[in-house]
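Commentary on secondary and tertiary structure
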Amino acid sequence: MSQIPEELMQRILSAEPELNSCLPIPRLICIGAPAPDQKYCAAISLSLDKMFSFLQSFDSAIRLIEYCEIQSSFSGGKYSEIRLNLNSKKQPYFSANHDGEFWFELGSLYGNWMMIAAREAAMSVWHISDALRGIKQEVNNSVFLKTLVDQKALKAATKTFNSFFPHAEGIRHAIAHSSELTESTKKIDKNASKKPYKGSRIQTAGPSFLGESLDGRTLILSHKGETRSLELSSRSTINLIHIISACFSAFSAAEVTLTAEYKRMRDCAPPEVKPDSM
């Protein structure tokens with residue numbers, strides 16, 4: 001596994017907003033490749049950009065969850081305080097009831113935002129995997145790139161991804177086809193978790209269907225008889241950075257070679273002939 005630069009680790013721990021300077025995207029100048037391979041370079045460049053974009057989406061989703069946790073806790077505290085005032089008659093009934101509804105509904109809104117962020121995070125993880133898969137395929141399609149790209153690094157990135165995010169595909173399918181999982185008793189029985197689930201906040205005594213839920217900082221759901229889970233934390237962000245860093249490093253030689261060839265072509269190009277002024 002590639003080492004995370006100290007500068008990048010500090011950004012994660014200090015919640016600084018920019019990843020760009022710490023994890024630069026490889027720039028493949030496609031015109032530097034032989035004509036038949038330029039289309040593969042272009043496709044890979046797009047996937048590398050997308051991969052980084054999905055990392056940012058995941059990171060932003062985690063930060064939104066963190067923000068909503070804080071706000072939801074505050075709203076819950078205010079609601080509890082108002083209920084106590086109402087029971088002890090320290091506040092007029094109608095005023096307390098109105099204020100209580102406001103804080104309760106605000107807390108529910110933050111909870112809904114957390115689920116939206118959780119789904120976005122899960123889909124971003126899947127998209128990173130999809131981009132990595134496409135990059136490997138296009139490298140194999142290019143005779144030119146095969147000799148320049150570190151395919152061991154790409155394999156290592158894939159292996160690391162599967163280790164850290166083993167349920168990515170199942171979670172993606174469950175979210176994308178959420179209504180289909182419960183459209184009939186047959187579908188519910190097919191997708192229900194066969195084994196009990198014991199989490200930090202959610203527990204089941206036996207087989208049951210778990211809809212999309214947050215068990216603390218873990219997204220859980222039932223899919224094809226199993227409970228799928230995804231940790232939603234800065235630790236997962238760091239794991240994704242490890243994976244993407246390994247993928248990006250695979251293109252170091254290709255980036256240098258393509259840039260050098262482009263400069264050579266530019267320097268060898270005949271000077272532009274300007275028409276004589278009339």
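Residues numbered from 1 in each chain as written. Predicted model: local features only at pLDDT ≥ 70, side-chain atom pairs only at ≥ 80, totals over all residues. Heavy atoms only, no water.

1. Quick notes on the overall build of the chain
Scanning the chain for helices and strands turns up 9 helices and 3 strands. Each helix (α) and strand (β) of the chain, taken in turn from the N terminus, gives the series α-α-α-α-α-α-α-β-β-β-α-α. Burial status across the chain gives 40% buried among its 278 residues. The contacts of the chain with a sequence gap of at least 6 include a subset with a gap of at least 24, amounting to 69%. Of the roughly 16,000 Å² that the chain leaves accessible, carbon and sulfur atoms contribute 55%. (Helix = DSSP H or I, 4+ residues; strand = E, 2+ residues; numbered from the N terminus. Buried < 20%, exposed > 50% of the residue type's maximum accessible area, 1.4 Å probe, protein only. Contact = heavy atoms within 4.5 Å. Areas by Shrake-Rupley, 256 points an atom, 1.4 Å probe, with all protein chains shown as cover.)

2. Comments concerning the packing of helix H5 (residues 151-164) against helix H8 (residues 234-249)
It is at 8 Å that the axes of H5 and H8 come closest, and there the two elements cross at 165°. With respect to H8, the element H5 is oriented roughly antiparallel. Crossing of H5 over H8 shows left-handed handedness. In contact with Ala153, Leu154, Ala157, Thr160, Phe161 and Phe164 of H5, H8 contributes Asn239, Leu240, Ile243, Ala246, Cys247 and Ser249. By residue class, the composition of the contact of H5 with H8 is 9 nonpolar, 3 polar and no charged. (Axes fitted to C-alpha atoms, helices over the stretch in contact; angles between N-to-C directions. Parallel < 35°, antiparallel > 145°, perpendicular 65-115°, else oblique. Left-handed = near helix turned anticlockwise from the far one by under 90°. Nonpolar A, V, L, I, M, F, W, Y, C, P; charged D, E, K, R; others polar.)

3. Let's talk about the sheet that holds strand S1 (residues 213-215)
Backbone-to-backbone hydrogen bonds join strands into a sheet, with any given pair of strands oriented parallel or antiparallel. Spatial strand order, S1-S2-S3: 3 strands in an open sheet with antiparallel pairing. If you trace the sheet from one side to the other, it starts and ends with S1 and strand S3 (226-231), each paired once. Strand-to-strand twist of the sheet, defined as the mean angle between neighbouring strand axes without regard to direction, takes the value 35°. In the sheet, S1 pairs with strand S2 (residues 218-223) via 3 bridges, with the strands oriented antiparallel. Paired with Ser213 across the bridge in S2 is Ile220. (Pairing = 2+ DSSP bridges.)

On their own, these measurements won't tell you what the molecule is for.
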